[in-house]
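Here is how the chains run, residue by residue.
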Amino acid sequence: MKTDELQRLLEDMTLEEKAEQLVQLHGGFFGDVGTITGPAAEFSMDADQPYRTGSVLGEAGAEHLRDLQDRMMAKQPHGIPALFMADVIHGYKTAFPVPIAIGSGFDAELAEEIASLAAEEAAAAGVHVTFSPMVDLVRDSRWGRCMESTGEDPYLNSLMAKALVKGFQGDDVSKPGKVAACVKHFAAYGAPVAGRDYNVTEICEHTLFEDYLKPYRAAVEAGVKLVMTAFNTIDRKPCTTNKRLLRDVLRGDMGFDGVVISDYNAIGETLNHGSSYDKADAAKKALEAGCDIDMMSDCYLGSVVRLIREGELDEKLLDEAVWRVLVLKNELGLFENPYKDGSPENEKRVIFSERHRELGRRAGAETAVLLKNNGILPLGDSGKIAVVGELTQDTRIVGSWSIFADTSKTVTLKNALCEVVPNGKFVFVGNDDPTDEEMAEIGVCDAVILAVGENEIPTGESMSVADISLNKAHLRLFERVMSCNKNTVVLVFGGRPLAIPEIAEKAPAIVEAWLPGTLGCLGIADILFGKKNPCGRLSMSIPYCSGQLPISYSQFMTGRPKPKTDGFVRYVSNYMDVPNHPLYPFGYGLSYGEAKYSPVRLSADVLKKGGVITASVDVTNDGGMEMKEAVQLYIRDVKGSVVRPVRELKGLKTVRLMPHETKTVSFEIDEPMLRFYDADMNFVSEPGEFVLWIGHDSGTENGRGFRVEG
Ligand code: GLC
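Definitions and cut-offs
Residues numbered from 1 in each chain as written. Predicted model: local features only at pLDDT ≥ 70, side-chain atom pairs only at ≥ 80, totals over all residues. Heavy atoms only, no water. Axes fitted to C-alpha atoms, helices over the stretch in contact; angles between N-to-C directions. Helix = DSSP H or I, 4+ residues; strand = E, 2+ residues; numbered from the N terminus. Parallel < 35°, antiparallel > 145°, perpendicular 65-115°, else oblique. Left-handed = near helix turned anticlockwise from the far one by under 90°. Contact = heavy atoms within 4.5 Å. Nonpolar A, V, L, I, M, F, W, Y, C, P; charged D, E, K, R; others polar. Buried < 20%, exposed > 50% of the residue type's maximum accessible area, 1.4 Å probe, protein only. Pairing = 2+ DSSP bridges. Phe/Tyr/Trp six-rings, centres within 6.5 Å; stacked < 30°, edge-to-face > 60°. Lys NZ or Arg CZ within 6 Å of the ring centre and 35° of its normal. Near = heavy atom within 4 Å. Polar contact = N/O pair within 3.5 Å; in protein donor to acceptor, adjacent residues only side chain to side chain. Areas by Shrake-Rupley, 256 points an atom, 1.4 Å probe, with all protein chains shown as cover. Core = buried A, V, L, I, M, F, W, Y, C linked by side-chain atoms within 4.5 Å. Right-handed = clockwise from strand over helix to strand, strands pointing away.

Caption draft 1: Here's a closer look at the packing of helix H9 (residues 243-253) against helix H11 (residues 279-289). Running from N to C, H9 and H11 point in directions that differ by 15 degrees, and their axes come no closer than 8 Å. Regarding the angle of H9 to H11, the classification is roughly parallel. Between H9 and H11 lies a crossing of right-handed hand. Contacts between H9 and H11 involve Lys243, Leu246 and Arg247 on the former and, on the latter, Leu287, Glu288 and Ala289. Counted by class, the contact of H9 with H11 contains 3 nonpolar, no polar and 3 charged residues.

Caption draft 2: Local environment of the pairing of strand S1 (residues 23-26). On S1, burial covers both faces: Val23 and Leu25 on one face and Gln24 and His26 on the other are all buried. Sheet analysis places S1 next to strand S10 (residues 294-295), joined by 2 bridges and oriented parallel. Directly across from Gln24, in S10, lies its bridge partner Met295. Two elements, S1 and strand S2 (residues 55-57), share 3 bridges in a ladder whose sense is parallel. Considered in S2, the bridge of Gln24 is made with Ser55.

Caption draft 3: Broad picture of the packing of aromatic side chains. The tally for this structure, following the rule as stated, stands at 16 aromatic pairs. Ring centres 5.9 Å apart and planes at 70 degrees place the aromatic pair Tyr189 and Phe231 in the edge-to-face group. Here Phe231 lies in the loop between strand S6 (226-229) and strand S7 (233-234) and Tyr189 lies in the loop between strand S5 (180-186) and helix H7 (205-212), a separation of 42 residues in the sequence. Neither residue differs from the other here; Tyr189 and Phe231 are each classed as buried. Centroid distance Phe426 to Phe529: 6.1 Å. Interplanar angle 85 degrees. Geometry classified as edge-to-face. With Phe426 in strand S13 (residues 425-429) and Phe529 in the loop between helix H20 (520-528) and strand S17 (595-597), the pair connects residues that are 103 residues apart, well separated along the chain. There is no split in this pair, since Phe426 and Phe529 are both buried. Here the aromatic residues Phe106, Tyr553, Phe586 and Tyr634 are joined through ring pairs into a cluster of three or more. A cation sits over an aromatic face here: Arg647 above Trp693, 3.8 Å from the ring centre. Seen from the ring of Phe667, Lys653 lies directly overhead, with NZ or CZ sitting 5.2 Å from the centre.

Caption draft 4: Seen up close, the site of the ligand. Around the ligand sit 14 residues, and of these Thr37, Asp87, Arg145, His185 and Asp263 come closest. Here an oxygen atom of the ligand sits 2.5 Å away from a polar atom, N or O, in the side chain of Asp87. His185 has a polar side-chain atom sitting 2.7 Å from an oxygen atom of the ligand. In isolation the ligand exposes 310 Å². Once the protein is present, 100% of that is buried. Taken together, the residues of the shell around the ligand sort by class into 7 nonpolar, 2 polar and 5 charged.

Caption draft 5: The arrangement of the nonpolar core in detail. Membership of the largest hydrophobic core comes to 174 residues, with the highest contact counts inside it found for Phe186, Tyr300, Ile500 and Tyr584. Excluding residues that lie within four positions of it along the chain, Tyr300 makes contacts with Leu22, Val23, Ile267, Ala283, Ala286, Leu287, Cys291, Asp292, Ile293 and Asp294. Ranked by size, the runner-up nonpolar core spans 36 residues in total, among them Leu417, Val420, Val489 and Cys521.

Caption draft 6: Inspection of the pairing of strand S3 (residues 83-86) at higher detail. Side chains of S3 alternate between two faces, with Leu83 and Met85 and Phe84 and Ala86 buried alike. Across 3 bridges, S2 lies against S3 in parallel orientation. Note that in S3 the partner of Leu57 across the bridge is Met85. Crossover connection from S2 via helix H3 (residues 62-75) to parallel S3: handedness right-handed. Here S3 runs beside strand S4 (residues 129-130); their pairing, made up of 2 bridges, is parallel.

In structure tokens:
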């Protein structure tokens, strides 16, 4: 539809019709079961009113949505098509590894490919908008939604945000196989006090802008069409009615002009927060703050028209919000084709295609992280191998946000091993408390594959824990198995980093398997038997214990930095009982064979005004298998007008190396990459001493100093 026609449509709409365009309800209000992703809600509305709302939450399926679209448009006074929005977070029917694993791929191209194939399936099923990517920075694995984020680092999450938005949206959301993306949850939802979901956040302005806002900014720069507000407060104000956050920061500073949608009943929940007196007050505050769509509350439905009629609310605010919703529908081409490319024929052609299956397997291999290997891996095909633990036969490994996944297609680790090594001599012990006879069988095997950790149930929304230790049953199982067979490879499943110091100390090999999705176990089996070289790198630090949380490699010196010594040192910043550093740091991961780095070479030691320094290393694959290496650039600004982190990821290049091949990898250091929010919150760089490192993970010491001229 042309813009002037759209403008005329808006002018012709009644107040009631405009208010209804800003309401989103789940399928339960349309006589369907509905995908319930929040607390139950009862609203007083007439039977037809749901059909006059502007968008629907959580419905999918081409036939179903074509029928629902027909039913809704028939009730719309101007026949305006509805938007169908759903949580296609990391796959639709084919669930790819959970986002914390995707982040551990350290590969933006892989992330884009995953989003693109997820969009193809979702669009074929009639979905118009996906509530993804979730880019919340996560540094506290007590929080259940770590699994949904691509990790702890602003740079990596920004890289992933851009890639995922591009994958979902392409360059034109109206094209077949593309959906509009919705970045969430704005903002800093991943930093709840005490790691408890929905809790307040207490972060300063510098931390908010320096760390937590950057990935959302990246998504906006990538052209994301929607932003979802978060449940938490920032600066003691709920995000959904936080005018400074939404109008000044998101729309002003970041220049976002798309649709802002609340999270599930987040407008209504400002009454619980105690910052809104009633639903009318909540509606007024949310619309004035710039929240366009009210998901699953009846605040807008019940109050906006009356507030405008009584002169309490400016109709211009309503028109602005409705205009953005109409523009989004127009960008998707819905006025011309309300079904977009949702059709049973497309579903049949696209869903679970060979490309989806290949990528699902490859993503499993490229996002798992080899944490330890004394040489036992890769396993040979000929030995007798025990495969132990309930998780080895559990299909609940696709992630708690894989609402639409076809779990009948999920390949368990057991089935994956049988497919990858069809003549393998496996002894399957699919429980966590083997009998003495089973232990005896395990004892005579050449090796053991032991699965511990969590399936998808204890992670995801609201699944917070106070203790991230590995559960006691699995610790006991590990001790028992190790006592009868030392050649044990431990796979750790789960959506959050778990504290595994006991396993790290004793196991000869450990793989962080995350929640690998529908076909990811095939990729993990490919790693275990040397068909693929592991290349995953931790997108989130693995701590020694809950007491270290929140934790990140990007820490600060403090006034009393701990010297580089083991053990407790009095009167400096450290613990008496555990080290300051995590068990395994951000960016860490092993491969078969080692990537050897030359010392860093610099084209100059001083960065002059407007100049560039080229920093290079030679990277050599010293192993016998092709290797994919995530070469990481870290920089430290030694002195600043505010304290600066001991290092920050500032560059990432993926390089593929054949056995014994050497490649030179270079990064250009320029002034813009050194900018930060100074004492007065100006985004500037400051002259002085810097250090840069190029290496394998956030702990690399392969570095050089350089200076920036004033
Ligand atoms: C949930 C989640 C959000 C999701 C929304 C719709 O409460 O917080 O991530 O997109 O509701 O299902």
